[in-house]
Amino acid sequence: MESKNACYDVIIIGGGAAGMSAAQYAARSNLKVLVIEEKTEGGQAVFIDRLENYPGIAEPVNGFNFSLTMKKQAEDFGAEFLRTKVTGIDRAGDGYEISVEGEYAGKSGKFNTLTIIIATGAEHRKLGIPGEDEYFGRGVSYCATCDGPFFRNKKIAVIGGGDAACGEADFLSRLTDDVTVIHRKPHFRAQKAVADKVLSNPKIKVIFNTVVMEIKGGGSGTVESLVLRNIQTGEGSEIKCDAVFIFIGMTPRTELTATVEMDGNGYIITDENMATSVPGIFAAGDIRAKPFRQIITAASDGAIAAHSAAEYISNLKADGGK
Ligand code: NDP
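This structure is a prediction, so every number in the text was calculated from the model and none was measured.

Thresholds applied
Residues numbered from 1 in each chain as written. Predicted model: local features only at pLDDT ≥ 70, side-chain atom pairs only at ≥ 80, totals over all residues. Heavy atoms only, no water. Near = heavy atom within 4 Å. Polar contact = N/O pair within 3.5 Å; in protein donor to acceptor, adjacent residues only side chain to side chain. Areas by Shrake-Rupley, 256 points an atom, 1.4 Å probe, with all protein chains shown as cover. Nonpolar A, V, L, I, M, F, W, Y, C, P; charged D, E, K, R; others polar. Core = buried A, V, L, I, M, F, W, Y, C linked by side-chain atoms within 4.5 Å. Buried < 20%, exposed > 50% of the residue type's maximum accessible area, 1.4 Å probe, protein only. Helix = DSSP H or I, 4+ residues; strand = E, 2+ residues; numbered from the N terminus. Contact = heavy atoms within 4.5 Å. Phe/Tyr/Trp six-rings, centres within 6.5 Å; stacked < 30°, edge-to-face > 60°. Pairing = 2+ DSSP bridges. Expected span 1.5 Å × (residues − 1). Patch = residues over 30% accessible without salt bridge, like charges linked within 9 Å, V, L, I, M, F, W, Y side chains within 5 Å. Salt bridge = Lys/Arg side-chain N within 4 Å of Asp/Glu carboxyl O. Lys, Arg positive; Asp, Glu negative; His and termini not counted. Charge placed at Lys NZ, Arg CZ, Asp CG, Glu CD.

**Q** Help me understand the site of the ligand, please; the structure alone is not making it clear to me.
**A** Taken together, the neighbourhood of the ligand is formed by 15 residues, with Asp163, Ala164, Arg184, Lys185 and Arg189 sitting nearest. Taking Ala164, its main chain carries an N or O atom lying 2.9 Å from an oxygen atom of the ligand. Between the ligand and the protein, one listed contact pairs an oxygen atom with a side-chain N or O atom of Asn265 at 3.2 Å. In the complex, 68% of the free accessible area of the ligand, which totals 900 Å², lies under the protein chains. Broken down by class, the residue content of the shell around the ligand amounts to four nonpolar, seven polar and four charged.

**Q** Even after reading the chapter, I still don't get the nonpolar core, so can you show me in this structure?
**A** When a protein is soluble and globular, its nonpolar side chains tend to lie buried together. With 36 residues, the main nonpolar core has Val10, Ile12, Ala23, Val33, Ala79, Ile117 and Ile295 as its most contacted residues. Looking at this core, the elements that each hand over two or more residues are strand E1 (6-13), helix H1 (17-28), strand E2 (33-37), helix H2 (63-76), strand E6 (110-118) and helix H6 (295-318). Per-element accounting of this core gives the leading share, nine residues, to H6. Excluding anything up to four places from it in sequence, Val10 contacts Ala26, Leu31, Lys32, Val33, Leu34, Thr113, Thr115, Ile117, Ala309 and Ile313.

**Q** What am I meant to see in unusual backbone geometry here?
**A** The general pattern is negative phi for most residues beyond glycine and trans for most peptide bonds. Residue Asn30 is not a glycine yet carries a positive backbone phi of 70°. Along the polypeptide, Asn30 turns up in the loop between H1 and E2. Relative accessible area serves as the criterion here: at 71%, Asn30 is assigned to the exposed category. Even without being glycine, Asn153 reaches a positive phi, approximately 60°. With respect to the helices, strands and loops of the structure, Asn153 is situated in the loop between helix H3 (144-147) and strand E9 (156-159). Judged by relative accessible area, Asn153 falls into the exposed class, the value being 66%.

**Q** Sorry, what's going on with the packing of aromatic side chains here?
**A** How two aromatic rings sit relative to each other is given by the distance of their centres and the angle of their planes. Here the structure, examined in full by the defined rule, presents six aromatic pairs. Each ring, one from Phe136 and one from Tyr142, has its centre 5.7 Å from the other, and the planes form 40°; the classification is tilted. The exposure class of Phe136 is partly exposed, given its relative accessible area of 32%. Judged by its relative accessible area of 9%, Tyr142 falls in the buried class. Pairing Phe151 with Phe245 gives two aromatic rings, centres 6.3 Å apart and planes at 85°, and the pair type is edge-to-face.

**Q** Would you explain the pairing of strand E13 (residues 223-230) in this entry?
**A** Every regular strand shows the same layout, with side chains that alternate between the two sheet faces. Direction of pairing for strand E12 (residues 210-217) relative to E13: antiparallel, over a ladder of seven bridges. The residue bridging Gly217 from the neighbouring strand is Val223, located in E13. Once E12 ends, the chain turns through five residues before running back antiparallel as E13, passing Gly221 with a positive phi of about 80°. Bridge count between E13 and strand E14 (residues 236-240): five bridges; the pairing is antiparallel. Bridge assignment links Ser225 to a residue of E14, and that residue is Lys240.

**Q** Even after reading the chapter, I still don't get the side chain of Thr270, so can you show me in this structure?
**A** Its location among the elements puts Thr270 in the loop between strand E16 (250-252) and strand E17 (281-283). Leaving out residues up to four positions away in the same chain, Thr270 has contacts with Ala275, Thr276, Ala283 and Arg288.

**Q** Is there a simple way to think about H6 in this case?
**A** Three or four residues apart is the spacing at which side chains of an α-helix point the same way, because the helix has 3.6 residues per turn. For H6, which comprises 24 residues, the first-to-last C-alpha distance of 35 Å matches the rise-based estimate of 34 Å (1.5 Å per residue) to within 8%. Remark: Gly320 follows H6 within two positions and exhibits a positive phi of approximately 75°.

**Q** Help me out: how do you make sense of a positive patch on the surface in this one?
**A** A surface patch of like charges, here positive, comprises Arg125, Arg184, Lys185 and Arg189. Within the secondary structure, Arg184 is located in the loop between strand E10 (179-182) and helix H5 (192-199). Classification of Arg184 by relative accessible area gives exposed; the value is 54%.

**Q** Help me understand the pattern of salt bridges, please; the structure alone is not making it clear to me.
**A** It is possible for side chains of opposite charge to pair when their charged atoms get near one another. A complete count under the given rule lists 14 salt bridges for this structure. Between Asp170 and Lys197 there is a salt bridge, with its nearest N and O atoms 3.7 Å apart. In this pair, Asp170 sits in helix H4 (residues 163-172) while Lys197 sits in helix H5, placing the two residues 27 residues apart along the sequence. With a shortest N-O distance of 2.9 Å, Lys290 and Asp301 are connected by a salt bridge. A residue pair is termed long-range when its members are at least 10 positions apart, and Lys290 in the loop between E17 and H6 and Asp301 in helix H6 qualify at 11 residues. Here the two residues Lys290 and Asp301 agree in accessibility, since each one is buried. Residues participating in the shared-partner salt-bridge network are Glu41, Lys71 and Arg83.

Put into structure tokens, the structure is as follows:
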């Protein structure tokens, strides 16, 4: 690949758990690796106060510190990191040219790479109501597996009516016998079997036709109640709760990746090697179409994507492509 741009074997877009795991594995395989992350490295993990379900780490660890360690591990193996926004991906020779915002250490805002690993993640949709941001991490959560255990035997509210809301309400009912699901429609959107499990669970109360107007806290600085409105009658009410889990869908960050095949919800389809429909482009982490989104599954995806990128490059070189 002849270019005046800096050239890499792998450019990883997104510095969350998937991207950093991919960076570590790729750099350790002696590949020249650049991770481009728009914000702080760590992705959703940086918001986790106590990470306690990562195998091998017995004592709870702060998500931000965990992310710093992941980054250092990748850097120690030689991966480079750049904080900027990717603005374009174009085919160039046997690989790709990646454009970024601004200049980087005096170089142009363009890089060449033989392979790309897309690890830009997905964002939890927000309700956009008062209290949601203020009490995030202090009773407001978007992850039952991560935060549910902190509210054992407490009053828990779940917002949403899809598979995630119903599935997670069922999970939370194993931690407390006081779960209330609040959904804006008169029936669930979730698959019947999942919805029926919630409707027949004596530990779960369901409030239909109702939206949450505000999340309120108290002197303790944590969630204490929800202000509700019945959208059929217009009647207002307030219920007490210690935590509110919001599952109103996800938005994958795929603005850059229109050329790869996606499922109906906008997640990138890969094979088990993390290969997308476009040769040389791999995807890892929450942006993939998959059933279980966790730090551990993102890290696993990243390792597999890096391995696949290394194999792809080795085949490319064997074919005399470079
Ligand atoms: P969905 O998009 O399926 O459901 C989102 C739910 O949130 C809907 O009930 C929707 O209401 C409600 N909602 C959306 N916006 C708001 C809002 N502003 N205020 C109040 N409620 C709102 O998202 P999920 O995350 O549940 O699932 C995403 C995809 O992942 C789906 O395809 C699902 O099948 C899949 N999934 C599969 C699982 C499994 O198979 N085990 C587990 C989890 C997810 P309304 O119904 O009115 O639109």
